[in-house]
Amino acid sequence: MTECFNEDKNARLIGRSDGPFETNNTKHTWDLEKLRSGHRVLMEYEYEMRPIDRGYAGRFLRVDLSSGSVEEVPLTDDIKKKFTGGKGFGLKQIWDMVGPDTRWNDPENVLALNSGPMNGTTQYSGMGKCLSTTISPSTNVICDSNAGGYFAPYMKFAGFDSLAITGKADEDVIIFIDGIEGKIRIETAPFEETNSHLLAEQLTHLYATEDTDEARQKVTVVSAGKGSENSYWGVLNISFFDPRRKVARLKQHGRGGLGTVLRDKKVKAVVARIKGFTGMENNPADIDKIARTGIKHHTQIRDLDKSQCNMRTVGTGNLVEIMDAYDLLPTENYRFGGFPKASKIFSTEFYKLFTQVIPDGCWYGCTMACAKTVDGLLLRTGPYKGQRVTVDGPEYETIAGGSNMSLWDPYWILEFNFYCDTYGLDTISAATTIAFIMEMYEYGILNKERCDGLEFSFGNADAIMQFLHRIADGDQGEFIKVGARGARRIKDWLIEKDWGDHQLIEDCGMEVKGLEYSEYVSKESLAQQGGFALASKGPQHDEAWLIFMDMVNDQIPTFKDKAEALHYFPIWRTWFGLTGLCKLPWNDTTPITNPETDEPAKVPEHVQNYVDIMSGVTGWDIKGSDLFDQSERVYNFQRSMNVWMGKGRRMDDIPPYRSMGPVTEVEYVSRKDRYDEQLKDKLGLSEEVIGKMSIPERILLIKEFRYDQYHKLADAVYCRRGWTPNGVPTPEKMKELGFIDETEMLETLQKAIDSDDEKGLNVWGGKYTEGEDTPSEKQRYWE
């Protein structure tokens, strides 16, 4: 709405600074009265303001947009025991409010934003994460995603552990949680922008109680841009006001299409406002224990980060050069693990562009401080061409997504980053899908005509950006519409059109369950192949990031080690999603004595830190195994919900071959010595026999061997988790975890097991075979 702001492009650049400074961003002066004039209050609900008790606000909030109603739901001790918080609370809200046939765009679908008991703590690093859950448009099962920013702590400080949004509004609305007045309001919002970098600014100023930076810091905004309205990759942007830059910065719930669900419900934003906070709002049981533990950890990060991961200086981008060195950096749709131009996008190159290089975090008290920002980026394309903007990041996944598309210019990666963020598009899904499109274009399966006029050769930045802009504009071209739904839908579309070899298409499209892969080449890491494909929501690194342990540190060398790691680490990493924490402070800086411990990959000293922090907040008498038990309950509940929704079987856990080995001759030849050696060592073939074989014949042997290894790994992991050979948690397992009264869940699991028995699927050693059981048939999610 251009009439609501004026532009001043003459702002000046101060440059790098360790204190307050003025960016040279394009300045906007908001007509706040014009914005307010469009706000009609559709519903107002008053609630009792109560203090938090040992980390819990003690109630859920449910907002039904269809009926315009609000409900408070008491948080019982039973729910705390079974679900702990965060993602667990989101799963509980969804379980209570949807049916097994609910789909992502049904009004009854729930979008839940959740806090955890330790969330909002300021004495230890990484305590500000929001955990959100919904039925995903990409996968049609539950997807969870986490983000920094201020929303989850502020929502809890305002009085609620979880917000569940259901129904659909008739027009664009804002849900406002007022932690000052104790009110919930649903308001119309016709004049505000939709794209997040502008909307977050508008609403931060609009809902601040006064025109000061201090007041603006007490407002946080959840939004999704125009891209979310037209794709399955919609993100939730969580804002936090930066008083040094004078800008509302953004962190993203990236995976699974949560922003798509938000905009489908016609929610333009969720806003939370608080009176203020002191760092004691959780009313912890033992603040001294928390403070002691925090000081110890802060000191470690201060002293060791520079020589370990250097997160405080360059953030997660430090991984780019490591992944490239170990042949793990995805290039050209994961065909290769490195590229001669990779040094152009190393973290050292982005460091030159960071405009404020002091440690910079997305929640108070985080010494890890890995948030990095480029100010004054001059945009070269799109509706904001010629404007200068702030870009948060780029994170490793976004940079590696650039390499996957063969973008070797940091400025193009930053432009891609900015537009994905403001449009509300996941950089991972967008990059992985575009890389797949580019490979299909190279093979002639796609062409300019089939791509609605776009020339999708590798490295074509203009085509990449035009694709994003046309998605945000709601372009109705067939390719744009299908492409915006992701790699799975493109595969089905190409096969339906009979364009190209069907198996080649299946093998090259990097998705499982309908969710696109994170940006790591997993061909030589059996553990990471399982980590991606066996993940509950799809191939996302936050659940099972084992590639560093497997390929860099060589901490899980044997088959048994890998299987045990795929039992322990996905469950352990889930725990952070229950409590409102970031995972990075757990293992991105480790104690000097960590290599001397029995299990250095688990970082036992830091696990004990979390025991001390959790007991310090809640007052619970707990030990390290109790944290694992908390997480194992929720992990199994999520898998059981997938089964309840008709998924969650072995057939849903089969990876595309590109994630496991060489699909094409060029891939094999590029690493020929490696693969020929494996044919000798693993299959016992002689050099003479290998020499007589064609490259396609060698590829087929490697493929058969690796799928066999993968299924043996899946057997071991399912068995270790207490699941059936077809990947279903048993009722006995769920009862062992404490789910005694969840009769519907237990009956659903038993019916699924009985059905699998009848089909002969509960047999250890299920194998990939050609024919009706190929991934092509097993992974159909076309609606």
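Just so it is clear, the model here is predicted, and its values are computed rather than measured.

### Section: the environment of Lys 491
By the secondary structure assignment, Lys 491 is in helix H18 (residues 487-497). Residue Lys 491 is classed as buried on the basis of its relative accessible area, which comes to 0%. Along the backbone, Lys 491 and Asp 652 are 161 residues apart, and their C-alpha atoms lie at a distance of 16 Å. Beyond its immediate chain neighbours, meaning those up to four positions away, Lys 491 contacts Phe 436, Ile 505, Glu 506, Gly 509 and Glu 511.

### Quick word on the side chain of Thr 618
Examined against the element boundaries, Thr 618 turns out to sit in helix H24 (residues 604-618). In this structure Thr 618 comes out as buried when scored by relative accessible area, which is 5%. There is a polar contact of 2.8 Å between the side chain of Thr 618 and the backbone oxygen of Met 614. A distance of 3.1 Å separates the side chain of Thr 618 from the backbone nitrogen of Trp 620, its partner in a polar contact. Setting aside its immediate chain neighbours within four residues, Thr 618 contacts Arg 54, Pro 117 and Ala 285.

### Here we look at the sheet that holds strand S7 (residues 130-135)
Read across the sheet, six strands follow the order S5-S4-S9-S6-S7-S8 without closing on themselves; strand pairing throughout is mixed. A single partner strand is all that each edge strand has here, and the edge strands are strand S5 (69-74) and strand S8 (142-147). Averaged over all pairs of adjacent strands, the angle between strand axes in this sheet comes to 15 degrees, irrespective of strand direction. Pairing analysis gives six bridges linking strand S4 (residues 59-64) to S5, with the strands arranged antiparallel. Along S5, the bridge assignment pairs Asp 64 with Ser 69.

### Focus on the domain arrangement of the protein
Often, the extent of an interface is quoted as the loss of accessible area on bringing the components together. You can read the domains of the protein as domain 1 (32-273), domain 2 (301-516) and domain 3 (556-758). Each of domain 2 and domain 3 was reduced to a C-alpha centroid, and the two centroids are 26 Å apart. With 28 residues of domain 2 at the contact, the number on the domain 3 side is 23 residues. Carbon and sulfur atoms supply 60% of the area buried between domain 2 and domain 3, which totals about 1,900 Å² over both sides. Connecting domain 2 to domain 3 are five salt bridges. A salt bridge links Asp 327 to Arg 674, with the shortest nitrogen-to-oxygen separation between them at 2.8 Å. Our count for the domain 2 to domain 3 interface comes out at nine residue pairs in polar contact (both at pLDDT 80 or more). Those elements that provide at least two residues to the side of domain 2 that touches domain 3 are helix H9 (287-304), helix H19 (502-508) and strand S18 (511-512). Top element by residues in the side of domain 2 that touches domain 3 is H19. It accounts for five residues. Looking at the side of domain 2 that touches domain 3 residue by residue, the class counts come to 13 nonpolar, seven polar and eight charged.

### A short note on unusual backbone geometry
Backbone torsion omega between Gly 393 and Pro 394 reads 10 degrees, so that peptide bond is classified as cis. Note that Pro 394 resides in the loop between strand S17 (388-392) and helix H13 (396-404). In this structure, Ser 406 is a non-glycine residue whose phi angle is positive, near 65 degrees. Counting through the fold element by element, Ser 406 comes out in the loop between H13 and helix H14 (410-423). Located in the positive-phi region is Asp 498, a residue other than glycine, with phi close to 60 degrees. Tracing the chain through its elements places Asp 498 in the loop between H18 and H19. The class of Asp 498 is exposed, set by a relative accessible area of 54%.

Analysis parameters
Residues numbered from 1 in each chain as written. Predicted model: local features only at pLDDT ≥ 70, side-chain atom pairs only at ≥ 80, totals over all residues. Heavy atoms only, no water. Helix = DSSP H or I, 4+ residues; strand = E, 2+ residues; numbered from the N terminus. Buried < 20%, exposed > 50% of the residue type's maximum accessible area, 1.4 Å probe, protein only. Contact = heavy atoms within 4.5 Å. Polar contact = N/O pair within 3.5 Å; in protein donor to acceptor, adjacent residues only side chain to side chain. Pairing = 2+ DSSP bridges. Axes fitted to C-alpha atoms, helices over the stretch in contact; angles between N-to-C directions. Domains from an automatic or database assignment. Buried area = accessible area lost by both parts, 1.4 Å probe. Salt bridge = Lys/Arg side-chain N within 4 Å of Asp/Glu carboxyl O. Nonpolar A, V, L, I, M, F, W, Y, C, P; charged D, E, K, R; others polar.

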